[in-house]
Every structure is written in C-alpha cells, then in structure tokens.
Amino acid sequence: MDHIAYYLSLLHNSVEVEFIIKILVCIIAGYIIGQERAARGKNAGITTFTFVIIGAMLFTFLSENIDPASTSRIAAQIVSGIWFLWAGLIFINDNKVKNLTTAAWVWLAGAIGMAIGFDYYAIALITTIFARLIPQTNDKISQRRRSRNNTHDTDQESSDDDDLQEE
C-alpha cells in the first residue's frame, strides 16, 4: 500500500493526470478495435492496435507539451510512421491484395491516438465505436445478399459478394 501512496504522490502535476487519462482511453479504444481483428483471426490484434493508438497519442502528447508551436510537424511524422506500418502489412499473393483492411485499421488507429493526444476524446471514442460497427454491418449486409441470392437462384453464384468480403 505504501508503494501506491508513493506513486500517487508523484502525480503532483496535472500533466501526469492528463496522461493517465489519455492512456486509459487509448487502452479502451485499442481493445475495442483489436478485439474485432483478433475475432477475425488476424495477426494484428488487441496488443498491436493498443500500441499503435498509445504510440500516436504519446507522440502527439509530447509534441503538444514540449513544443506547442509545432504540433503539426510531429503529427505529419506520425502519419509517415503509420504509413510505414501500413505498407508493411499489405502484400499481394496470387494477384490478390491481402491485409488491406488490417492496414486501414492501423492507419485509423493512429488517427484515433492523435485525437486522444490532442484531447478530442469524444471524437476518438465515437470514431472507435463506428469503426467497430462498420465490419459488423458489412457482415450482415453480405449475409443478407448471399441469402437473397441463394433463395432467388440456387444455381447461380453472385460475383458481387466478393466486393463486400472482408480481406
């Protein structure tokens, strides 16, 4: 218990309290997004997305606190770093692009982290929730289309479903 009191005494500055709040919001957003990807069996899951969001938030937070006059410069570098991760995820196999959706999630996770870093908590969480709902909605639409196509013509396969498929 003395250790907890000691660590709480270190939080004398509102910057540290603000940082803890930001980390907690990042963890929540990272879990929400990462759990969706993990449920689909993707390699990038909860840990990856939580780290991307925390990393983008940390760079943004530090930029804002160290040099408030040039936050856009750091933000541009975050985008470049996320692009590097994004490009590394995408590959082509048998003339099919793979991991494009996961790469897009990583890109979005960086933006969510930046939003948290710049104190746009509501925007970050709303974006996280909508991002989580989009694949579920897409799955339901795809299922309805397949079901409708199967009831109308069981002999004909629909090539349109490929446009809606998750990677």
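Procedures and definitions
Residues numbered from 1 in each chain as written. Predicted model: local features only at pLDDT ≥ 70, side-chain atom pairs only at ≥ 80, totals over all residues. Heavy atoms only, no water. Helix = DSSP H or I, 4+ residues; strand = E, 2+ residues; numbered from the N terminus. Patch = residues over 30% accessible without salt bridge, like charges linked within 9 Å, V, L, I, M, F, W, Y side chains within 5 Å. Areas by Shrake-Rupley, 256 points an atom, 1.4 Å probe, with all protein chains shown as cover. Salt bridge = Lys/Arg side-chain N within 4 Å of Asp/Glu carboxyl O. Buried < 20%, exposed > 50% of the residue type's maximum accessible area, 1.4 Å probe, protein only. Contact = heavy atoms within 4.5 Å. Expected span 1.5 Å × (residues − 1). Phe/Tyr/Trp six-rings, centres within 6.5 Å; stacked < 30°, edge-to-face > 60°.

### Some remarks on unusual backbone geometry
Of note, the phi angle at aspartate 119 is positive, near 70°, even though the residue is not glycine. Among the secondary structure elements, aspartate 119 is positioned in the loop between α5 (100–117) and α6 (121–152).

### Thoughts on a nonpolar patch on the surface
Where nonpolar side chains cluster on the molecular surface, the patch consists of Ile126, Ile129, Phe130 and Leu133 and spans about 380 Å² of accessible area. Structurally, the position occupied by leucine 133 is in helix α6. The partly exposed category is assigned to leucine 133, whose relative accessible area is 38%.

### Some thoughts on the side chain of threonine 60
Tracing the sequence through the fold places threonine 60 in helix α3 (residues 46–66). Setting aside residues no more than four positions away along its own chain, threonine 60 makes contact with Ile78, Met114, Gly117 and Phe118.

### Comments concerning α3
With 21 residues, α3 should cover 30 Å at 1.5 Å per step; its first-to-last C-alpha distance of 29 Å lies within 8% of that length. Buried positions along α3 lie against α2 (14–39), α4 (71–89) and α5.

### Thoughts on the environment of serine 63
Within the secondary structure layout, serine 63 lies in helix α3. Judged by relative accessible area, serine 63 falls into the buried class, the value being 6%. A C-alpha to C-alpha distance of 9.2 Å links serine 63 and glycine 117, two positions 54 residues apart in sequence. Each residue touching serine 63, except ones within four places of it in the same chain, is listed here: Pro68, Ser70, Thr71 and Ile74.

### With respect to the packing of aromatic side chains
One pass over the full model with this rule turns up two aromatic pairs. Note on phenylalanine 19 and phenylalanine 61: the rings are 5.4 Å apart at their centroids and 45° apart in plane angle, and the pair reads as tilted. With phenylalanine 19 in helix α2 and phenylalanine 61 in helix α3, this residue pair connects regions lying 42 residues apart in the sequence. Taking relative accessible area as the criterion, phenylalanine 19 reaches 26% and is therefore assigned partly exposed. By relative accessible area, phenylalanine 61 is classed as buried at 5%. Measuring from ring centre to ring centre gives 6.4 Å for phenylalanine 49 and tryptophan 105, while their planes differ by 75°; the resulting arrangement is edge-to-face. Note that phenylalanine 49 is positioned in helix α3 and tryptophan 105 in helix α5, a separation of 56 residues in sequence. Classification of phenylalanine 49 as buried rests on a relative accessible area of 0%.

### A closer look at the pattern of salt bridges
It is possible for side chains bearing opposite charge to pair when their charged atoms get close. If you walk through the whole model with that rule in mind, you get five salt bridges. The salt bridge involving lysine 22 is made with glutamate 18; its shortest N-O contact spans 3.5 Å. With lysine 22 and glutamate 18 both in helix α2 and four residues apart, the pair spans about one turn of that helix. Overall, the relative accessible area of 0% leaves lysine 22 in the buried class. Taking the relative accessible area as the measure of exposure, glutamate 18 reaches 25% and is therefore partly exposed. Among the salt bridges present, the one from arginine 40 reaches glutamate 36, with a minimum N-O distance of 2.2 Å. By relative accessible area, arginine 40 is classed as partly exposed at 26%. When salt bridges that share partners are traced, they join Glu36, Arg37, Arg40 and Asp139 into one network.

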